[in-house]
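# Results of the structural survey
Okay, here's what each chain looks like letter by letter:
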Amino acid sequence: MIFSDSSALQRIDATRRRRPTTWRAMSFAVSAAFAAGVAAFAGQQVQASWGRWAVGGYALAALITLLWRHPAARTTATATAFSGAVVAPLVWLVTGGRHMSTVGMGALTVVKRAGRLLVEHGSPYLPLEQLTDPESLNPYGPPLTVFGLPHALGLHGWAGNPRTWFGLAAALLGYAALRLLKADHPIRTLTAVLASPVLALPFVLGGTDLPVLGLLALSVVLLSRGSHIRTAGAALGLACAMKVTALPAVLVLVPMLMIRDGRRSAFTFAASGFLAALASFVVTAPAMVLDPYDLFRNMVLFPLRFTPQKTTAASPLPGHVIATSESTGATLMTAFLVILVAAACVHLWRHPARDVRTAVLQMAVLWTLIFSLAPAARYGYFIYPLLLLGLRNLLAAGQSTAARSREKTVSPL
């Protein structure tokens, strides 16, 4: 009887061990299918190139996970996926693909030009008379200009490419967030996160959202620990100063702090964010202090399609379809967005989140609604809610680890 019970327990434990392995293999297989779709149907050459490299890395990682029963299998599979989805396509862009069409990488050109303009004129934005096409406008905040400064100061190759600094900033901020969470194997976890298609594709293309997402993750993790409120606010303020896409986080986190920690903490968080954003504007765009309309035109009017030069951001999402279907479409969708944000503010103040994990879920929902209804939106913007949902799982795992640690330190009676 004892032998029978022992065998049953062993089978149950084996089943439990197989479940994470099966899920990891499935995630790699789904990633491989996504990469294959990008390789086959992407309209931009650089995206298709990423798909061709990544599909092999993901497929091989899935096979390693399924077939190799060894403690090192998980680390090896993660490294294989990262090599195929990030390292190989980046090396290809430097070597054989360096003459590839730059369509789809206009953000890098804009940031490089912004860095040069800041050095020469003290503002990252072109004057009105030089705005001739969509790429002449810059929808990014002045702090994002710092990633174009290496090129403006004469560095070439990878050292002068904003893509390098976007990825490095995101990796360092992500690692800091994981260390604060006391995550097991932070480097392996960070590698797995960066190897996912959600981040690997913008990592290779040079996505401007990467440092913004890194700052958001750091801010959320700091708040989950209930300390360093000023640092968390400054990180979020800097993220909002880089791209207005980060602003919905403020609408969720301030009410959450008010109900969780009190008005003083909420005020400290908001004030720290505002001062950090203001300081970054002054430092990275000193010429705009007396004439801030250039910033408003580039960061607000241009993304909302209220400038003669229309943004190239496009997708079959409802907001873009309606905004481009008639002459008043952009005005209609902008008004609808304002109403949506106002309604969200009322709801969030009346029903605030009581903890960070709930706040993260609220942010993901709010971003999904806004990006679906924005007059100009790309599928890539949904990286925000997707990353936050992944961060929510890490927060839950971190809380479980902390709880187990506390249980171990409690002395028996």
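To keep things clear, this report deals only with the structure shown in the data block. (Residues numbered from 1 in each chain as written. Predicted model: local features only at pLDDT ≥ 70, side-chain atom pairs only at ≥ 80, totals over all residues. Heavy atoms only, no water.)

## Quick notes on the packing of aromatic side chains
Given two aromatic rings, their pairing is described by the distance between the two centres and the angle made by the two planes. Stated precisely, the cut-off is as follows: Aromatic rings from Phe, Tyr and Trp, with only the six-membered ring used for Trp, were paired whenever their centres fell within 6.5 Å, and each pair was classed as stacked if the ring planes differed by under 30 degrees, edge-to-face if by over 60, and tilted otherwise. Helix and strand definitions follow DSSP, with helices as H or I runs of at least four residues and strands as E runs of at least two, each counted in order from the N terminus. The buried label goes to any residue with under 20% of its type's maximum accessible area, the exposed label to any with over 50%, and the partly exposed label to all in between, with areas taken from a 1.4 Å probe on protein chains only.
Applying the stated criterion across every chain, the model contains eight aromatic pairs. With a centroid separation of 6.3 Å and an interplanar angle of 65°, the aromatic rings of Phe34 and Trp50 are classed as edge-to-face. Of this pair, Phe34 sits in helix H1 (residues 2-41) while Trp50 sits in helix H2 (residues 45-67), and the two are 16 residues apart along the sequence. Exposure remark for Trp50: the relative accessible area of 0% places this residue in the buried category. Taking the centre distance of 5.3 Å and the plane angle of 40° together, the rings of Trp367 and Tyr384 count as tilted. Taken together, the residues Trp367 in helix H16 (residues 356-373) and Tyr384 in helix H17 (residues 383-409) connect sequence positions 17 residues apart. According to the relative accessible area criterion, Tyr384 is buried, its value standing at 0%. By way of ring pairs, the aromatic residues Trp367, Phe371, Tyr381, Phe382 and Tyr384 are connected into one cluster.

## What about the packing of helix H11 (residues 248-261) against helix H15 (residues 329-350)?
Using the following cut-off: Fitted lines through C-alpha atoms serve as axes, helices being fitted only where they are in contact, and the angles separating the N-to-C directions of these axes extend from 0 to 180 degrees. Here the word oblique covers every angle except those under 35 degrees (roughly parallel), over 145 (roughly antiparallel) and from 65 to 115 (roughly perpendicular). Less than a right angle of anticlockwise turn of the near helix away from the far helix marks a crossing as left-handed, whereas a clockwise turn marks it as right-handed. We call two residues in contact whenever any of their non-hydrogen atoms come within 4.5 Å of each other.
Direction vectors running N to C along H11 and H15 enclose 15°, while the axes themselves pass 9 Å from each other. The pairing of H11 with H15 is recorded here as roughly parallel in orientation. Seen along the crossing, H11 lies across H15 with a hand that is right-handed. Where H11 abuts H15, its residues Leu251, Val252, Val254, Pro255 and Met258 lie against Val341, Cys345, Leu348 and Trp349.

## Some words on helix H10 (residues 229-242)
Counted only if it meets this: Under the convention used throughout, the expected extent of a helix is 1.5 Å for every residue step, that is, one less than its residue count.
A rise of 1.5 Å per residue sets the reference length of H10, with its 14 residues, at 20 Å; its end C-alpha atoms lie 20 Å apart and thus fit the reference within 8%. Of all 14 residues in H10, ten are buried, a share of seventy percent or more. Contacts made by the buried residues of H10 are with helix H9 (209-224), H11, helix H12 (263-284) and helix H13 (293-301).

## What to know about unusual backbone geometry
One non-glycine residue with positive phi stands out, namely His185, at about 50°. Its place among the elements puts His185 in the loop between helix H6 (162-180) and helix H7 (186-195). The phi dihedral of Arg305 is positive, around 70°, even though this residue is not glycine. Counting through the fold element by element, Arg305 comes out in the loop between H13 and helix H14 (318-325). You can call Arg305 buried: its relative accessible area is 14%.

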